[in-house]
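Next come the chains, spelled out residue by residue.
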Amino acid sequence: MNRPQPSDPGSRRPQPADSASHGIQPSDPSREGSEGPAPDSSRTGPAVSSRHPDPIASPRRASSTAPAHRTGSNSAGANAPGSDSAGPDSPGPDSPGAVEPALGPDRDLSAPRRRPHTRATPWDEARAVAARAGRRVTPSTVRLPLDQALGQVLAEPLAALTDLPSFDTSAMDGWAVAGPGPWTIRENEGILAGHATPAPLPDGEAVRIATGARIPADVTAVIRSEHAHADEAKGLLRAQRQVDPGQDIRPRGQECRSGDQLLPAGTLVTPAVLGLAAAAGYDELPARPRPRVDVLVLGDELLTAGLPYDGLIRDALGPMIGPWLRALGAEVSAPRRLGDDAEALQQALTGSEADLIVTTGGTAAGPVDHVHPVLARIGAELLVDGVAVRPGHPMLLARLGPAGPYVVGLPGNPLAAISGLLTLAEPLLRGLAGRTPEDPYRVAIRDDVHGHPHDTRLVPVVHRTAGAPGPASGSSARRDSLGTGGVADHVVPLHYNGPAMLRGVAAADGLAVVEPGGVRSGTEVEILDLPWAPATPWTEGCFT
């Protein structure tokens, strides 16, 4: 397979600093810290998908080598030598004609490795592969009491166990009346909620009734207290407004009938879902177990506290990845820091009981990038080996056995790692958890955004409301994009969007998907919401 040629060397100029905090600027990939040479589709071999239409069904065995470009460090702001910022003319371990040593039990995994270049998977295809991989895992079900089910995912459709309401009830405090008025008031009587079925009410009579109380047989309507006048002297009740049959009565089954499907499987259990389940007669809910995730932080250069010194840098991914995955609905173990130790990595991968293992860094071809060689040694299947996206293209998705676990290998640069989380980990976890896929949505972007010549770009953005300086909620932006009355009308790209930077995404509420070649101001772009800024409204059921 021919090695792809690097793109314009000018695309590797480092991004300059900006004096404005979280400055909102058009973003130019030619000014970013690059992640290595851009693939040239005209010079590469066939895509993975052309050889295996479904990489999950027919995956590649992991090669003993890594992608051609180094991933950088797990630290915001670190573009060290050997990182993603290497220029196109820099000699690399994947130089044409390089030969990869055979992998065997005696091979020194710390030795430099060479790997022939394979074409990166298109970004949208990589997300689809990850989603299918998650859905193919045989699901299991647990039954949880309502007070333990918040944040879980329904494993089965939620069907009503009773009519809602289960009997005719009063919608207001007032008077239950039968027939035309005026009505004779029943003295010293009243109907309260929670009492047994009251006696039928004869024509021409009225009785006090409370909200939620059962309606007696033969009642024509309920008159609100403020809409009626009781003449105590004559014992008569007169309506002060027109009385319509059935007014302020909630008939049995108004919301739904027993057996009706209220919510589909895959629905996230919110506080409102708990209330609906309780009203529908449930004491516990069938749920999918949360996916279990192990996080492995790689790199000898990382500090867990204090300021950088002597070439050591702070680990930005260890504190970030776990909470991010929890926000995606996973059960995450404490991060394990393995340094650049191939044997420790192999033991952690083969000894894990998680559904997903996330590694940070080590997915490239440097002398201590061990992820690919270790995956090859243990017989892993590569489902995605590099993605045509900036930042983050050295990411990977692998499966350690027919039943898992899966491995998502994230690049070491922080924004590149976030790209990997949104590209591979999020759709995979959604599938593993059985959550209903979210419909993509698009919003107009303000300002031109330069694109990569060949790859998709993910650019931090904030939602903005027309005429307002502050951010708009993602949900209102989505409503506006669907033409249902929202007021947010665009997103704005943020500066500080290089692969090693977190300053931009820390101020963002989403990432814009910028197609190769870039977009003009006013173009609608797909938005990936950050997990703490959801833009999708709650799933709606029979009550719509």
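Residues numbered from 1 in each chain as written. Predicted model: local features only at pLDDT ≥ 70, side-chain atom pairs only at ≥ 80, totals over all residues. Heavy atoms only, no water.

Engineer: Account for the sheet that holds strand β8 (residues 183-191), naming residues and giving values.
Structural biologist: Pairing is mixed in the open sheet, where 6 strands are placed in the order β10-β7-β9-β8-β12-β11. The open sheet has two edge strands with one neighbour each: β10 (221-224) and β11 (228-231). Each neighbouring strand pair of the sheet contributes to a mean axis angle of 40°, computed without reference to strand direction. Relative to strand β9 (residues 205-209), strand β7 (residues 174-177) runs antiparallel, the two sharing 4 bridges. Within the sheet, the bridge partner assigned to tryptophan 175 lies in β9 and is arginine 208. (Pairing = 2+ DSSP bridges. Helix = DSSP H or I, 4+ residues; strand = E, 2+ residues; numbered from the N terminus. Axes fitted to C-alpha atoms, helices over the stretch in contact; angles between N-to-C directions.)

Engineer: Report on the nonpolar core, specifying residues and quantitative values.
Structural biologist: One finds Val293, Ile321, Leu325, Leu397, Ile418 and Leu428 to be the most contacted residues of the largest nonpolar core, which totals 51 residues. Of the residues forming this core, the biggest block, 10 residues, is contributed by helix α7 (residues 414-433). If you look at the next biggest cluster of nonpolar residues, it comprises 19 residues, including Leu146, Ala149, Leu262 and Val273. (Core = buried A, V, L, I, M, F, W, Y, C linked by side-chain atoms within 4.5 Å. Buried < 20%, exposed > 50% of the residue type's maximum accessible area, 1.4 Å probe, protein only.)

Engineer: Quick one: what's the story with the packing of aromatic side chains, residue by residue and with numbers?
Structural biologist: Throughout the structure, instances matching the rule amount to 1 aromatic pair. The interplanar angle of 80° and the centroid separation of 4.8 Å between the aromatic rings of tryptophan 324 and tryptophan 532 together place this pair among those described as edge-to-face. Placement of tryptophan 324 in helix α4 (residues 317-327) and of tryptophan 532 in the segment after β30 (524-529) is noted, with a sequence separation of 208 residues between them. Residue classification places tryptophan 324 among the buried positions, given a relative accessible area of 3%. (Phe/Tyr/Trp six-rings, centres within 6.5 Å; stacked < 30°, edge-to-face > 60°.)

Engineer: Break down helix α3 (residues 271-279) for me, with residues and values.
Structural biologist: All of the buried residues in α3 are Val273, Leu274, Leu276 and Ala277. Considered in projection along α3, the buried side chains sweep an arc of 165° and stay on one side of the axis. Opposite the buried face of α3, at more than 90 degrees from it, the exposed residues are Pro271 and Ala272. The inward-facing, buried residues of α3 abut β5 (158-159), β14 (261-263) and β15 (284-288). Looking one or two residues beyond α3, the residue adopting positive phi is glycine 281, at roughly 105°. (Arc of directions from axis to C-beta. Contact = heavy atoms within 4.5 Å.)

Engineer: Can you tell me about the packing of helix α2 (residues 123-135) against α7, naming the residues and giving the values?
Structural biologist: Contact pair α2 / α7: the axes reach a minimum separation of 7 Å and the direction vectors enclose 25°. Regarding the angle of α2 to α7, the classification is roughly parallel. Remark: the crossing between α2 and α7 carries right-handed chirality. Two secondary-structure elements touch here, α2 through Trp123, Ala126, Arg127, Ala130, Ala131, Ala133, Gly134 and Arg135 and α7 through Leu422, Thr423, Leu424, Glu426, Pro427, Leu428, Gly431 and Leu432. The class makeup of the residues in the contact of α2 with α7 is 10 nonpolar, 3 polar and 3 charged. (Parallel < 35°, antiparallel > 145°, perpendicular 65-115°, else oblique. Left-handed = near helix turned anticlockwise from the far one by under 90°. Nonpolar A, V, L, I, M, F, W, Y, C, P; charged D, E, K, R; others polar.)

Engineer: Summarise the pairing of strand β24 (residues 396-399); cite the residues concerned and give the values.
Structural biologist: The two faces of β24 match: Leu396 and Ala398 on one face and Leu397 and Arg399 on the other face are all buried. The sheet contact formed by strand β22 (residues 381-385) and β24 spans 4 bridges and is antiparallel. Residue pairing across strands places glutamate 381 opposite arginine 399, the latter belonging to β24. Two successive antiparallel strands, β24 and strand β25 (residues 406-410), enclose a turn made up of 6 residues, where glycine 404 displays a positive phi of approximately 95°.

Engineer: Hey, could you go over α2 for me, with residue numbers and the actual values?
Structural biologist: Along its 13 residues, α2 runs 19 Å from first to last C-alpha, staying within 8% of the 18 Å computed at 1.5 Å per residue. Residues of α2 that are buried include every one of Trp123, Ala126, Arg127, Val129, Ala130, Ala131, Ala133 and Gly134, and no others. (Expected span 1.5 Å × (residues − 1).)

Engineer: Before we move on, could you go through the confidence of the model for the protein and cite the residues and values that matter?
Structural biologist: Confidence in the prediction for the protein averages 79 pLDDT; 72% of positions are at 70 or higher. Throughout residues 76-114 the model reports pLDDT below 50, and contacts reaching past four residues in sequence, or to other chains, amount to 85 contacts. (pLDDT = per-residue confidence, 0-100.)

Engineer: Any chance you could break down the sheet that holds β15 for me, citing the residues and the numbers?
Structural biologist: Ordered by their spatial adjacency, 3 strands build an open sheet running β3-β15-β4, and the pairing between neighbours is antiparallel. A single partner strand is all that each edge strand has here, and the edge strands are β3 (142-145) and β4 (153-154).

Engineer: So, the environment of alanine 133: which residues are in play, and what are the values?
Structural biologist: If you trace the backbone, alanine 133 turns up in helix α2. Since its relative accessible area comes to 0%, alanine 133 is described here as buried. For alanine 133 and leucine 432, which are 299 residues apart along the polypeptide, the C-alpha to C-alpha distance reads 8.2 Å.

Engineer: Tell me about unusual backbone geometry, and please be specific about residues and values.
Structural biologist: In this structure, proline 165 follows leucine 164 across a cis peptide bond, with omega equal to -10°. Considering the arrangement of structural elements, one finds proline 165 in the loop between β5 and β6 (169-170). Between glycine 404 and proline 405 the backbone carries a cis peptide bond, its omega angle lying at 5°. If you trace the backbone, proline 405 turns up in the loop between β24 and β25. In this model, aspartate 218 sits at a positive phi of 75°, which is unusual for a non-glycine residue. Topologically, aspartate 218 is positioned in the loop between β9 and β10. For aspartate 248, which is not glycine, the phi dihedral falls at a positive 55°. Along the chain, the position of aspartate 248 falls in the loop between β12 (236-239) and β13 (249-250). A relative accessible area of 19% means that aspartate 248 is categorised as buried.

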